[in-house]
Amino acid sequence: MKRLQIIVLAIFVTIPLCAQKPLENDEIFAIVGVNVPMYKNMGSDVVVGLHYGHYYPNGVGFRTGFQYIPTVVDIDNSFSIPLAVTFRTGSRTTSAKLNSAAHGIARTQVYDEGDALKYGLVTFLMNLFDRIEFHAGMTPGYVAGKSREIYPSYHHSGLGYWEKTWTEKPSSFSLSADAGFDISFRIWRFDLKLMPAFHYNITNNYRYHIQEGIRGSDEVIRTTVKPIKWFFTFNGGLAFRF
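Just so it is clear, the model here is predicted, and its values are computed rather than measured. (Residues numbered from 1 in each chain as written. Predicted model: local features only at pLDDT ≥ 70, side-chain atom pairs only at ≥ 80, totals over all residues. Heavy atoms only, no water.)

A.B. asks: Go over the overall build of the protein with me, naming the residues and quoting the values.
C.D. replies: For the protein, the count of helices and strands is 3 helices and 13 strands. When contacts within the protein are restricted to residue pairs at least 6 apart in sequence, long-range pairs at least 24 apart make up 67% of them. (Helix = DSSP H or I, 4+ residues; strand = E, 2+ residues; numbered from the N terminus. Contact = heavy atoms within 4.5 Å.)

A.B. asks: Could you give an account of a nonpolar patch on the surface, with specific residues and numbers?
C.D. replies: A surface patch of nonpolar side chains, amounting to about 640 Å² of accessible area, comprises Tyr 56, Val 60, Phe 62, Val 85, Phe 87, Phe 134 and Phe 181. Listed by contribution, the elements that provide at least two residues to the nonpolar patch are strand 3 (60-72) and strand 5 (83-88). Mapped onto the elements of the fold, Phe 87 is located in strand 5. Judged by its relative accessible area of 39%, Phe 87 falls in the partly exposed class. (Patch = residues over 30% accessible without salt bridge, like charges linked within 9 Å, V, L, I, M, F, W, Y side chains within 5 Å. Areas by Shrake-Rupley, 256 points an atom, 1.4 Å probe, with all protein chains shown as cover. Salt bridge = Lys/Arg side-chain N within 4 Å of Asp/Glu carboxyl O. Buried < 20%, exposed > 50% of the residue type's maximum accessible area, 1.4 Å probe, protein only.)

A.B. asks: Now, about the pattern of salt bridges: what can you tell me, with residues and values included?
C.D. replies: Under the defined criterion, the tally for this structure stands at 6 salt bridges. Measuring nitrogen to oxygen at the nearest pair gives 2.5 Å for the salt bridge that ties Asp 182 to Arg 63. Placement of Asp 182 in strand 9 (residues 173-187) and of Arg 63 in strand 3 is noted, with a sequence separation of 119 residues between them. Of the residues examined, Asp 182 reaches a relative accessible area of 0% and is grouped as buried. Judged by its relative accessible area of 6%, Arg 63 falls in the buried class. Glu 168 serves as the salt-bridge partner of Arg 207, at 3.9 Å between the closest nitrogen and oxygen. In this pair, Arg 207 sits in strand 11 (residues 207-214) while Glu 168 sits in strand 8 (residues 159-168), placing the two residues 39 residues apart along the sequence. Of the residues examined, Glu 168 reaches a relative accessible area of 25% and is grouped as partly exposed. The structure contains a network of salt bridges with shared partners spanning Arg 63, Glu 133 and Asp 182.

A.B. asks: Tell me about the confidence of the model for the protein, and please be specific about residues and values.
C.D. replies: Averaged over every residue, the pLDDT of the protein is 80; the share at 70 or more is 71%. Note on residues 1-22: pLDDT is under 50 here. Beyond four places in sequence and across chains, it has 2 contacts. (pLDDT = per-residue confidence, 0-100.)

A.B. asks: Tell me about the pairing of strand 5, and name the residues and values.
C.D. replies: Burial along strand 5 is one-sided: the residues Ala 84, Thr 86 and Arg 88 are buried and none of Leu 83, Val 85 and Phe 87 is. For strand 3 and strand 5, the ladder comprises 5 bridges, and the chain directions are antiparallel. The partner of Gly 61 across the bridge, within strand 5, is Thr 86. The pairing of strand 5 with strand 6 (residues 131-143) spans 6 bridges and is antiparallel. Opposite Phe 87, over in strand 6, you have Phe 134 as the bridge partner. (Pairing = 2+ DSSP bridges.)

Quick look at the structure:
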């Protein structure tokens, strides 16, 4: 009998504690976007990833995951594991979203009729966001591709000259410092995310070489080496909260 009383008491204590557990403090989301080196004449490439995030009632949380970029500055196959601390604002009410969207439309009336319609629609949709999340952290990774081969080209400006360019990979292990923010648009337990971020490559993974000389001669008249450190990503994602 005493054992039964203890079991019943444990059930009555446990049920309220489970009921108090905050909902939707975890999420899993997939992203696809573009990775852009912040230098002239550098090509961008796609980035894809799968992430998990956990959040506490005060809005602080963390996220991790896996990302893959097929090519970075012409060097193939970059794999990484983002690690970030996050802070997200509380969800806005439906009335707050609609009021914000209405005010946004009102501010676009200064434009001409055609532009007012275009910017008004964009402003209306952007002001329907559910919450904003800020994140900062570091991303260790591995660059599997080899240094790019030399590509010669020829230019004509008065006297012709030749130019050779290639990308060197001094290190395979990569580490970047990251900071950005997310804007979420909620549909039931799903979030549509817009995720701009900046990244600084701490390790020396990409060095872009440029050699120039007079056409018809092998003599090099100028050599330029650019360490590629800064990148910008803009991703879209779909998250499920649970």
